[in-house]
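Letter by letter, the chains look like this.
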Amino acid sequence: MSLRVAIIGGGLGGLATAVRMASRGHTVTLCEAGPTFGGKMNRWQTVGYTFDTGPSLITMPDVFRETFEAAGERIEDHLELVRLDPVAEYVWPDGTRFEHSTNLPHWLDVIRSIEPRDVDGFLRFMELGARLFELSSETFLRRGMDQPPDWRTFKALRHVPLRHAWGNYDKAVRSFFHSPYLRQMFNRYPTYVGSSPYRSPATLLVIPYLEQAFGGWFVKGGLYRIVESLVQIARTKGVEMLADAPVERIGQENGRVKSVHIADGRNVSADVVVMNGDASLLPKLLGSGIGELEPEARSMSGFLTLAAMRDDMPDLHHHTVCFSADYEREFKQIFDDNQFPDDPTVYINAPSRSDRSVVPDGGETLFIMANTPARSGPWDEAMTSTAWERVLGRVARSGLPDLRDGAVALDHWTPQRIGNRYRMPGGAIYGKHSHGWKNAFLRPANRQRKRGLYLVGGSSHPGGGTPTVLLSAKITTNLIEKHESA
Ligand SMILES: Cc1cc2nc3c(=O)[nH]c(=O)nc-3n(C[C@H](O)[C@H](O)[C@H](O)COP(=O)(O)OP(=O)(O)OC[C@H]3O[C@@H](n4cnc5c(N)ncnc54)[C@H](O)[C@@H]3O)c2cc1C
């Protein structure tokens, strides 16, 4: 039976769902509030420089491959995926620096040079990550759940004999590593889901395992090429793609969804409605509440600067992380004091170091980001200049080139701008934070109680980050097929 499917939001999750549903012969209309598709996977082009304004690193490339295959396409015919080695250079305030490689023999040599005892710790750390990955694939990541994971699933997970897996993330890292540098490096991974290592469950150590096992990748021409390819496939499959089409209300009848209403007065009739925007905004669209993710539940936002640099910077890696002097204090300032850290850890992504197609004749494209609280209040110019000074200060104190010199264009993205542009409360990039194992696992279900209503994307099951969002699209598509097509 062919269904009429209306998708609210053209982020990665909405696009992947549109492609999957249209490939199965359903009639799909996708309504995106913004002027372009891709949501947080966005692009900025200026004076010959091309920037990704969202994701800069992907892992689990097979999940991307699967999405194209679901449409009968080969990813190689659309994209050039490049595996990065080293993945990143890590830099400490005391001058210590090393490269993280996913080439195992090389990386073990690096660990040995830092702290010989940690070679064994790292191997045990990876073994635990691998077992957690296997378990979460079976119970969580790829499972098409009608409801959030039930208590039986948790019981099964909680009773697996994995020492360290159910405690606190930071404590688990400490138990595997002696070196303060390796501890801090591995403590960074919960930030991939907008969370603090000091409050997250140890189960998140599946993230460093995924990066080590499946590599860190970028896409030639920019990650936005993924969006362009999916948009092109969606159009070829007949998806009606509406930009500048904010949905204001979901129409309902007899306990079922029946349409979506766009702000300009257009209505789209639908058998199934899929919400790709932030899950907390759903009650408002259903007319059953105001809805907005409460501040204490939010994952982190980012203070992001895109800098078009005039000159080449050959000493810079594709990814560089300049750590703050006190990592624990940084997360305390973000989550307890609700303020931008006075000494932020700074992440610099310079894709032009690996891909000269994103710069004019020379120079670099820099994406410079620090974590911030996802606050709802305004973020004024004074806050921007203070944050930028702190970022510049950290970079300079880490011994990197002074970023004040040679920028031909700068563009700052504050939490407020991120929140407004992508309709995310407070600019919380990953929806809810993952503090405590319930938060990490209990995200809004892909199939909602209201008949015909589904969720997809980073704020719903199984969570944020590009591969997980694509898995969410697969789960949601399978659920729709199972429950609506009969
Ligand atoms: C700065 C930054 C860096 C990141 N880095 C990485 C990274 O390196 N690796 C990684 O894997 N992930 C990264 N991420 C996270 C990743 O971008 C997201 O997890 C993913 O893109 C989210 O996709 P989504 O489909 O869930 O939602 P979104 O991208 O949020 O898309 C939702 C869309 O819904 C639209 N919408 C909402 N409400 C309505 C409405 N009522 N009507 C119509 N449209 C509506 C919004 O406008 C938006 O376009 C990063 C994100 C940011 C912002």
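The structure we're discussing is the one just above.
Scope of this entry: the structure provided in the associated data block.

Reading the values: rules and limits
- Residues numbered from 1 in each chain as written.
- Predicted model: local features only at pLDDT ≥ 70, side-chain atom pairs only at ≥ 80, totals over all residues.
- Helix = DSSP H or I, 4+ residues; strand = E, 2+ residues; numbered from the N terminus.
- Rg over C-alpha atoms; globule rule 2.2 N^0.38 Å.
- Buried ≥ 20, exposed ≤ 12 C-beta atoms within 10 Å, placed from the backbone.
- Near = placed C-beta within 6 Å.
- Nonpolar A, V, L, I, M, F, W, Y, C, P; charged D, E, K, R; others polar.
- Pairing = 2+ DSSP bridges.
- Axes fitted to C-alpha atoms, helices over the stretch in contact; angles between N-to-C directions.
- Core = buried A, V, L, I, M, F, W, Y, C linked by C-beta atoms within 7 Å.
- Contact = placed C-beta atoms within 7 Å.
- Left-handed = near helix turned anticlockwise from the far one by under 90°.

### Some words on the overall build of the protein
1) Next: On a plain count of helices and strands, the protein comes out with 15 helices and 19 strands.
2) Next: Against the 2.2 N^0.38 benchmark of 23 Å for 486 residues, the protein shows a C-alpha radius of gyration of 22 Å, consistent with a compact globule.
3) Next: By principal-axis analysis of the C-alpha atoms, the protein measures approximately 65 × 55 × 45 Å.
4) Next: The buried share among the 486 residues of the protein stands at 51%.

### Some points on the site of the ligand
1) Next: As a matter of local geometry, the ligand sits amid 36 residues, with Gly 9, Gly 11, Gly 39, Gly 277 and Gly 457 nearest to it.
2) Next: Secondary-structure elements contributing two or more residues to the shell around the ligand are α1 (12-23), β14 (301-309), α13 (415-422) and α15 (466-484).
3) Next: Among the elements that make up the shell around the ligand, the one with the highest residue count is α1 (three residues).
4) Next: Its residues assigned to classes, the shell around the ligand shows 16 nonpolar, 17 polar and three charged.

### Overview of the environment of Ser 434
1) Next: Inspection of the secondary structure assignment puts Ser 434 in the loop between α13 and α14 (437-441).
2) Next: The sequence separation of Ser 434 and Ala 213 amounts to 221 residues, and the corresponding C-alpha distance is 22 Å.

### Concerning the sheet that holds strand β19 (residues 453-455)
1) Next: Spatial ordering of the open sheet is given by β9-β2-β1-β13-β19, a layout of five strands whose pairing is parallel. Both outer strands of the open sheet, β9 (240-242) and β19, are each paired with one neighbouring strand and no more. Each strand axis lies, on average, 20 degrees off the axis of its neighbour in the sheet, ignoring direction.
2) Next: Inspection of the sheet shows strand β1 (residues 4-8) paired to strand β2 (residues 27-31) by five bridges, in the parallel sense.

### A word on the nonpolar core
1) Next: Judged by nonpolar contacts, the single largest core of 127 residues is most densely connected at Leu 15, Ala 18, Cys 31, Leu 205, Val 260 and Val 273.
2) Next: Sequence-distant contacts of Leu 15, defined by excluding residues within four places in its chain, comprise Gly 10, Phe 37, Val 227, Leu 230, Val 231 and Ala 234.

### Overview of the sheet that holds strand β7 (residues 97-100)
Either a parallel or an antiparallel arrangement is found when strands of a sheet pair, and the pairing is made through backbone hydrogen bonds.
1) Next: Pairing is mixed in the open sheet, where seven strands are placed in the order β7-β6-β15-β16-β17-β14-β18. The open sheet has two edge strands, β7 and β18 (407-413), and neither has a second partner. Averaged over all adjacent pairs, the angle separating strand axes in this sheet is 20 degrees, with direction ignored.
2) Next: By the bridge criterion, three bridges tie strand β16 (residues 346-349) to strand β17 (residues 364-372) in an arrangement that is antiparallel. In the sheet register, Tyr 347 faces β17, and the bridge partner there is Met 369.

### Remarks on the environment of Val 408
1) Next: By the secondary structure assignment, Val 408 is in strand β18.
2) Next: Separated by 337 residues in the primary sequence, Val 408 and Ala 71 have C-alpha atoms spaced 41 Å apart.
3) Next: Setting aside chain neighbours within four positions, we find Val 408 in contact with Val 47, Ala 308 and Arg 310.

### Examining the pairing of strand β4 (residues 49-52)
1) Next: Because side chains alternate across β4, one face comprises the buried residues Tyr 49 and Phe 51, and the other comprises Thr 50 and Asp 52, equally buried.
2) Next: The pairing of strand β3 (residues 43-46) with β4 spans four bridges and is antiparallel. Counterpart to Trp 44 in the pairing with β4 is Phe 51.
3) Next: Counting the residues that bridge the hairpin from β3 to β4 gives two residues, and of these Val 47 lies at a positive phi of roughly 30 degrees.

### Here's the deal with the pairing of strand β13 (residues 272-275)
1) Next: Burial of the side chains of β13 extends over both faces: Val 272 and Val 274 are buried on one face and Val 273 and Met 275 on the other.
2) Next: Of the strand pairs in this sheet, β1 and β13 are connected by four bridges, and their pairing is parallel. From the neighbouring strand, Val 5 faces β13, where its bridge partner is Val 272.
3) Next: Note: β13 against β19, three bridges, orientation parallel. Within β19, the position partnered with Val 273 by the bridge is Leu 453.

### Looking at the environment of Phe 177
1) Next: By the secondary structure assignment, Phe 177 is in the loop between α6 (169-176) and α7 (180-187).
2) Next: Separated by 171 residues in sequence, Phe 177 and Ala 6 place their C-alpha atoms 49 Å apart.

### So, the packing of helix α2 (residues 61-69) against α15
1) Next: Contact geometry for α2 and α15: axes closest at 9 Å, N-to-C directions at 35 degrees. As for the relative orientation of α2 and α15, their crossing is left-handed in sense. Along the contact surface, α2 presents Val 63, Phe 64 and Thr 67, while α15 presents Pro 467, Leu 470 and Leu 471.
2) Next: Counted by class, the contact of α2 with α15 contains five nonpolar, one polar and no charged residues.

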